[in-house]
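Results of the structural survey
Spelled out, the chains give:
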Amino acid sequence: MKLIFNKARVILFVFILSVFAGCGGSGTSPELSGYKADLKIQIQEMTNVLFGGLYSKFMSTYVDPSYINSEGGMDAAMLEFSNAEQQLLYKDLKIAKNISPLYNSSKKQLTYVNELMVKPITFKLINGKWYMMGDWFNN
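Residues numbered from 1 in each chain as written. Predicted model: local features only at pLDDT ≥ 70, side-chain atom pairs only at ≥ 80, totals over all residues. Heavy atoms only, no water.

Moving on: helix α6 (residues 83-96). Helix length check: α6 (14 residues) gives 20 Å between terminal C-alpha atoms against 20 Å at 1.5 Å per residue, within 8%. Looking at the packing, one finds that the buried side of α6 touches α2 (30-51), α3 (55-62), α5 (74-80), β2 (109-112), β3 (121-126) and β4 (129-132). (Helix = DSSP H or I, 4+ residues; strand = E, 2+ residues; numbered from the N terminus. Expected span 1.5 Å × (residues − 1). Contact = heavy atoms within 4.5 Å.)

This part takes up the side chain of Lys-119. Topologically, Lys-119 is positioned in the loop between β2 and β3. In this structure Lys-119 is buried but unpaired, with Glu-85 as the nearest side chain of opposite charge at 4.5 Å. Reaching out from Lys-119, the side chain makes a polar contact with the backbone oxygen of Trp-136 at a distance of 2.8 Å. (Buried < 20%, exposed > 50% of the residue type's maximum accessible area, 1.4 Å probe, protein only. Lys, Arg positive; Asp, Glu negative; His and termini not counted. Salt bridge = Lys/Arg side-chain N within 4 Å of Asp/Glu carboxyl O. Polar contact = N/O pair within 3.5 Å; in protein donor to acceptor, adjacent residues only side chain to side chain.)

For the rest of this paragraph, the subject is the nonpolar core. In terms of nonpolar packing, the biggest core is built from 28 residues, with Phe-58, Met-59, Leu-89, Leu-93, Phe-123, Met-132 and Phe-137 touching the most fellow members. Within the residue set of this core, elements represented by two or more residues are α2, α3, α4 (65-70), α6, β2, β3 and β4. Ranked by residues supplied to this core, first place goes to α2 with 7 residues. Once you skip the residues sitting within four places of it in the chain, Met-59 turns out to touch Tyr-67, Ile-68, Met-74, Ala-77, Met-78, Phe-81 and Phe-137. (Core = buried A, V, L, I, M, F, W, Y, C linked by side-chain atoms within 4.5 Å.)

On inspection of all chains with the given rule, the structure shows 10 aromatic pairs. For the pair Tyr-35 and Tyr-103, a centre-to-centre distance of 5.9 Å together with 65 degrees between the ring planes defines the contact as edge-to-face. Of this pair, Tyr-35 sits in helix α2 while Tyr-103 sits in strand β1 (residues 102-104), placing them 68 residues apart in sequence. In this structure Tyr-103 comes out as buried when scored by relative accessible area, which is 9%. For Lys-129, the ring lying beneath its charged end belongs to Tyr-131, and the centroid distance is 4.8 Å. (Phe/Tyr/Trp six-rings, centres within 6.5 Å; stacked < 30°, edge-to-face > 60°. Lys NZ or Arg CZ within 6 Å of the ring centre and 35° of its normal.)

All right, on to the environment of Val-118 then. Position of Val-118 relative to the elements: it lies in the loop between β2 and β3. Sequence separation between Val-118 and Leu-89 is 29 residues; the distance between their C-alpha atoms is 8.1 Å.

Buried residues of α3: Phe-58, Met-59 and Tyr-62, and no others. Each buried residue of α3 sits inside an arc of 105 degrees when the element is viewed along its axis, so together they form one side. (Arc of directions from axis to C-beta.)

Turning our eyes to something else, we now look at the pairing of β4. Here β3 runs beside β4; their pairing, made up of 4 bridges, is antiparallel. Residue pairing in the sheet places Lys-124 in a bridge with Tyr-131 of β4. The turn linking β3 back onto β4 is made up of 2 residues, and Asn-127 within it adopts a positive phi angle of 50 degrees. (Pairing = 2+ DSSP bridges.)

Here the focus is the sheet that holds β1. Pairing is antiparallel in the open sheet, where 4 strands are placed in the order β1-β2-β3-β4. Each edge of the open sheet carries a strand with a single partner, namely β1 and β4. If you compare each strand with its neighbour and ignore which way they point, the axes differ by 25 degrees on average. Docked against the sheet, α6 engages β2, β3 and β4, running at close to 75 degrees with respect to β3. (Axes fitted to C-alpha atoms, helices over the stretch in contact; angles between N-to-C directions.)

Following this line, the structure appears as structure tokens:
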């Protein structure tokens, strides 16, 4: 039942994103092509860090600092990032690396969505660096 709910949630999310982002991700602008290439490299780095068990480094390097602050700091955010979630995120990132994201140019966000993923993964460009948004960590 939970799997059906998650898939329905992903489908709804994709629909809403496509409406608000004008079916983003279908454009071929040089800006978007560069962003996708940058994130493909970064996602590989992220999976390497997760595979190496460097979870604190992962959070401090790749996750939106405002999410970490909202959780009460790195220690509190790490307590919420269980071993099961670490494994799920690793699998989702491996899928994301091989798909094309949806692009929201007004928010400078790229969202990776796929029916095989547990949750969509959204990255936001903040001060020239891509960060994974904290909504993946929220249940």
